[in-house]
Amino acid sequence: MSRIVSVWLPRWPIKRFLMAQAISPAGKPIDPERPFVLAIPATGGLRIAAMNETAEDAGIVAGDPVADARAKADSLQVRAADSTADDAALHRLALWATRYTPTASPWIEENGADGFFLDIEGAAHLFGGEENLLADLAGRLDRFGLPARLAIADTTGMAWALSHFDAAAQSILPAGREAAALSAMPIEALRLSGETRALLRRLGFKSVGALLDKPRAPFAARFSDELLRRLDQALGRREEPLIPVTAPPVYHSLNYLLEPIVNQQAILARACRLMQHLTHVLVRDAVGARALRLSLYGVDGAVETIDIGLTSPTRSVPHIARLIDLRLETLAAMHDGGFGFEAIGLAVTRVESMPERQTELNIDRHPEVQAQRTSKDDDSNGILRGPRSARAPQDDDSEKGAALIDAMRQQLGPDRVRQFEIVPRHIPECAETLTEINGETPQYPRLARSDPPLSGEDRWSIEEKPRPLLLLPQAEPTEVTALIPEGPPRRFRWHGVTYDITGAQGPERIADEWWRAPYPSRAGAPTRDYYLVEDGEGHRFWLYREGLYGRETATPRWFVHGLFA
């Protein structure tokens, strides 16, 4: 069973506006001691959306026209409401509240859009119990200038009702007491729409208790699903899932600091310690981290988050530390540490299976090897015949490539590192495409040993078709000399340099893809004959002759399409 904290911030739009004014003054400043309202456009003119206590004491009510409000309060201060800025600030505040639990959910419009929920199941003991957690949360919000009403219950609806209608500013409801606590509250505690509340009051229902013992069928026939749904959600009969402000982590570790820290090395050391803690559970569950999130909770309520995507699953603390260090350097260049960070959290947001594998052959532990080590042969002069230990055969090209890509993504940005993806096409310029590395592990082809120099037709046979290391964006025309029109090139001139060819391999004939709709830029593209050629200095080029001599063209054209290492 979940335990939900409801955090209600009365007059949130007003408080948010005054805090923003204190940080970045713009225009004529607002005097918080005088009547102040926020207005929104509506039919018939501007209407009141929110007000401070002074304006409320003057008799101003939400929904009143601004003209009527000016008649009730002299020198009324009016500013335009900004719901977008209110929602963004509430989102940031809910993100800060993840220092208490990974699941924090800002309220949407139907809940008032002036608070957030926390699911503290399994987290309250870290603060010494629910009472201490509420006290700590309330104290920190009050220091931010945001007095709040807090409540804890088993259901989201019940916690919301307590935070709004309980007499105490902080209340905790034991499990199973929902019906008794809800019965004494007005029908507004069910988070109903204005039309539903008005109809219930016309029918004589003023409290929730008047609804609990009545048959459900008449309510279902007279009202929409909203009434019974809200009632069942508050009593725990129907689920009301929260929408977290961030994706819930698979594993999470949080460190509360006795003193705030700003130094990058201190932050990195704490992050490494958190990763070491997480490594134990990753090993236990035979998984590796594919995505992590480092959260730095500032003393001033700001939260800095660093998302790290990994190309392949890992449990390596040094590798994670290097990536975090690279991101911290970027973060330090963009932001000021301010008053420092008072808590650091590291969450594994995505995992992938990572079964154990053997990395060494410990043959020295075998009984026969131990016996061989203890018995010395006279002819061997006491030298052990056999390796003391050996590395297991392992191809680590993928691991090294993944580590390189991870480092580049942290330094350059995740959207600036791309990989070539093979496309099932035989036309060279269409056979691969650049794609973003979106979390899938790229494949790294095994490098073959270098082929011998091309010195004639006796060395033309290769098991796989050669492809250049560098394919030019556009094939470039070249002047070629050949003994016969359809023969291999003997000399060519490219970029003002003449190359004498000492060896050639080919041709590899590539025809147009007749089964596809022809591209407008190469409609009716002629056949190509590709040659891999080498000059006297060992430079290798990929040339092709365009057009079959005597059938597609009378004068074939030659192009340089790629360069080999």
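Whatever comes next refers back to the structure up there.
A. Representation of the overall build of the protein chain. Helix and strand content of the protein chain: 15 helices and 22 strands. Counting the 565 residues in the protein chain, one finds 42% classified as buried. Taking the intrachain contacts of the protein chain between residues at least 6 apart in sequence as the baseline, contacts between residues at least 24 apart amount to 61%. Within the structure as shown, the protein chain displays about 31500 Å² of accessible surface, and the carbon and sulfur contribution to it stands at 53%.

B. Spotlight on the pairing of strand 11 (residues 303-314). Looking at chain direction, strand 10 (residues 287-298) and strand 11 are connected through 8 bridges and run antiparallel. For A289, the partnering residue across the bridge sits in strand 11 and is T314.

C. The sheet that holds strand 3 (residues 45-51), seen in detail. Pairing is mixed across the open sheet formed by 3 strands, whose spatial order is 3-2-4. A single partner strand is all that each edge strand has here, and the edge strands are strand 3 and strand 4 (77-80). Averaged over neighbouring strand pairs, the angle between their axes works out to 45° when direction is ignored. Bridge analysis of strand 2 (residues 36-42) against strand 3 gives 6 bridges, and the strand direction is antiparallel. By the bridge assignment for strand 3, A39 is matched with I48. Packing against the sheet, helix 1 (residues 12-23) makes contact with strand 2, strand 3 and strand 4, and its axis sits at approximately 110° to strand 2.

D. Up close: the packing of aromatic side chains. This structure, assessed with the given rule, holds 17 aromatic pairs. Taking 5.8 Å as the distance between ring centres and 40° as the angle between the ring planes, the aromatic pair formed by Y531 and W558 counts as tilted. On the criterion of sequence distance, the pair formed by Y531 in strand 20 (residues 528-535) and W558 in strand 22 (residues 557-563) is long-range, its members being 27 residues apart. This pair shows no difference in class: Y531 is buried, exactly as W558 is. Each member of the aromatic cluster is reached from another via a ring pair, and the members are W96, Y100, F127, F144 and Y256. Above the ring of Y100, the side-chain terminus of R99 is found at 5.3 Å from the ring centroid.

E. The arrangement of the environment of R149 in detail. With respect to the helices and strands, the residue R149 is situated in strand 7 (residues 149-153). Each C-alpha atom of the pair R149 and L9 lies 6.7 Å from the other, and the pair is 140 residues apart in sequence. In this structure R149 touches S6, V7, W8, L162, S163, H164, D166, A167, A168 and A169, once residues within four positions along its chain are discounted.

F. Spatial organisation of the environment of L274. Considering the arrangement of structural elements, one finds L274 in helix 12 (residues 264-284). Note: C-alpha distance between L274 and L254 (20 residues apart in sequence) is 7.3 Å. Once residues lying within four places of it in the same chain are set aside, the contact partners of L274 are S253, L254, N255, I344, G345 and L346.

Conventions and cut-offs
- Residues numbered from 1 in each chain as written.
- Predicted model: local features only at pLDDT ≥ 70, side-chain atom pairs only at ≥ 80, totals over all residues.
- Heavy atoms only, no water.
- Helix = DSSP H or I, 4+ residues; strand = E, 2+ residues; numbered from the N terminus.
- Buried < 20%, exposed > 50% of the residue type's maximum accessible area, 1.4 Å probe, protein only.
- Contact = heavy atoms within 4.5 Å.
- Areas by Shrake-Rupley, 256 points an atom, 1.4 Å probe, with all protein chains shown as cover.
- Pairing = 2+ DSSP bridges.
- Axes fitted to C-alpha atoms, helices over the stretch in contact; angles between N-to-C directions.
- Phe/Tyr/Trp six-rings, centres within 6.5 Å; stacked < 30°, edge-to-face > 60°.
- Lys NZ or Arg CZ within 6 Å of the ring centre and 35° of its normal.

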